[in-house]
Amino acid sequence: MLIDLHVHSSVSDGTTSPTRLVFDARDAGLTVIGLVDHDTFDGITEATEAGHRAGVSVLPGVEISCERDGRSVHLLGYGCDMRDPALLAELARCRAGRTGRVQAMLDKLAELGVPLTVDEVMEQVGAAPSVGRPHFADAMVAKGYVKDRTEAFENYLADDKPAYVPRYATEVSDAIRLVRGAKGLAVLAHPWGRGMDQTLTSDVIAELAEVGLEGIEVDHPDHDDQTRSLLSALGERLGLIRTGSSDHHGEGKRNHLLGANHTRPTAYREILRRLKVRGGVLPH
Ligand code: AMP
Ligand code: FE
Ligand code: FE
Ligand code: ZN
């Protein structure tokens, strides 16, 4: 049983359709994936149906754009009621924040001498309801400004680079309460990737556990070995479920191949057990 609980499709900033993603997962030897597109559940139905054909179980999820002290934090919500009005309203607000910053980012890119049009970005977004910086990166690649997404982030788009524009995000403890309110299970995504250990300190994670956080991603491509062992010890101390995942984005990210990290079957079974007890949504 090989389990990867954090993958993205073209419904947000992954490059493969939900159907192809599921078949790619099967080809990579996975038996379970957690589909967690940014701020949307739109890919879940398609992925679940493809899963029936491919023999891959799809745990429904979402990666919610959150913030803590003005810094970006990602929260994974598994097994939520995908019709919960409060959760849906908040996801819509996050998506609106994504759309709302497009023009400001285009203005900055033009000033930096790498102009893009709205249409060039929207061509990369396609039918996805969730617009992200990776779509800008793909438009920059298409124009020949950069060679790949990584270079676009390093030169222009990362949080500390000149084309970055902040957007609305949910305060992370509010997002945890929303996930719980929708009968879901909240797991902090890549808590100590990209310098976030300064914001999501052990004390902050302990505080989030008090408001209903139930898991942390320990094995993730953005965590080195030392980070993984420290996070694992913290998770054990706080009684959090420890997960592992690739954060796969199709062709969009280096070192994030499907199954690059796994979640242990015991951890996965505990997630399913808790969801079942509270009436959350299980793979079907
Ligand atoms: P946004 O959702 O618009 O704030 O953009 C953040 C997203 O960009 C993350 O969820 C990742 O998918 C992606 N991302 C962040 N940093 C990088 C990077 N260095 N290379 C490629 N993709 C990245
Ligand atoms: Fe992403
Ligand atoms: Fe993330
Ligand atoms: Zn992700």
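Please refer to the structure higher up on the page.
Residues numbered from 1 in each chain as written. Chains lettered and ligands numbered in written order. Predicted model: local features only at pLDDT ≥ 70, side-chain atom pairs only at ≥ 80, totals over all residues. Heavy atoms only, no water.

A. Structural detail: the coordination of the zinc ion (ligand 4). For the zinc ion (ligand 4), the full set of protein donor atoms is His6 (NE2), His8 (NE2), Glu63 (OE) and Asp247 (OD), at a range of 2.0 to 2.3 Å. Taken together, the four donor atoms coordinating the zinc ion (ligand 4) and their angles of 78 to 169° define a geometry best described as irregular. Spacing between the donor residues of the zinc ion (ligand 4) along their common chain follows H-x1-H-x54-E-x183-D. Between the zinc ion (ligand 4) and the iron ion (ligand 2), the interatomic distance is 4.5 Å. Taken as a pair, His6 in strand β1 (residues 3-7) and Asp247 in the loop between β8 (241-244) and α11 (265-278) lie far apart in primary sequence, 241 residues in all. Residue His6 is classed as buried on the basis of its relative accessible area of 0%. We classify Asp247 as buried; its relative accessible area is 3%. (Donors = N, O, S within 2.8 Å, 3.2 Å for Na, K, Ca; no water. Tetrahedral: all angles 85-135°; square planar, octahedral: opposite > 155°, others 65-115°. Helix = DSSP H or I, 4+ residues; strand = E, 2+ residues; numbered from the N terminus. Buried < 20%, exposed > 50% of the residue type's maximum accessible area, 1.4 Å probe, protein only.)

B. Here's a closer look at the nonpolar core. One finds Leu75, Leu188, Leu200, Ile205 and Leu213 to be the most contacted residues of the largest nonpolar core, which totals 42 residues. Residues contacting Leu188, with those up to four places away along its chain left out, are Val73, His74, Leu75, Val172, Leu200, Ile205, Leu208, Leu213, Gly215, Ile216 and Glu217. Within the second largest apolar cluster, 20 residues are counted, among which are Val102, Leu106, Ala137 and Ala163. (Core = buried A, V, L, I, M, F, W, Y, C linked by side-chain atoms within 4.5 Å. Contact = heavy atoms within 4.5 Å.)

C. A look at the coordination of the iron ion (ligand 2). Only Asp13 (OD), Asp13 (OD), His38 (NE2) and His249 (NE2) from the protein coordinate the iron ion (ligand 2), and they sit 2.1 to 2.7 Å from it. The coordination sphere of the iron ion (ligand 2) comprises six donor atoms, whose angles at the metal cover 52 to 148°; the geometry is irregular. Spacing between the donor residues of the iron ion (ligand 2) along their common chain follows D-x24-H-x210-H. The metal-metal distance between the iron ion (ligand 2) and the iron ion (ligand 3) comes to 5.5 Å. Of this pair, His38 sits in the loop between β2 (32-35) and α2 (44-54) while His249 sits in the loop between β8 and α11, and the two are 211 residues apart along the sequence.

D. Summary view of the site of ligand 1. With respect to spatial proximity, 14 residues lie near ligand 1, and among them His38, Arg101, Arg133, Arg167 and His249 are the closest. Contact between ligand 1 and Arg167: an oxygen atom at 2.7 Å from a side-chain N or O atom of the residue. At 2.8 Å, a side-chain N or O of His249 approaches an oxygen atom of ligand 1. Notes on ligand 1: free accessible area 500 Å², of which the protein chains cover 89%. Secondary-structure elements contributing two or more residues to the shell around ligand 1 are α6 (133-142) and α7 (149-157). Partitioning the shell around ligand 1 into residue classes produces two nonpolar, five polar and seven charged. (Near = heavy atom within 4 Å. Polar contact = N/O pair within 3.5 Å; in protein donor to acceptor, adjacent residues only side chain to side chain. Areas by Shrake-Rupley, 256 points an atom, 1.4 Å probe, with all protein chains shown as cover. Nonpolar A, V, L, I, M, F, W, Y, C, P; charged D, E, K, R; others polar.)

E. Broad picture of the side chain of Arg68. Note on placement: Arg68 falls in strand β3 (residues 57-68). Residue Arg68 is classed as buried on the basis of its relative accessible area, which comes to 12%. There is a polar contact of 3.2 Å between the side chain of Arg68 and the side chain of Glu207.

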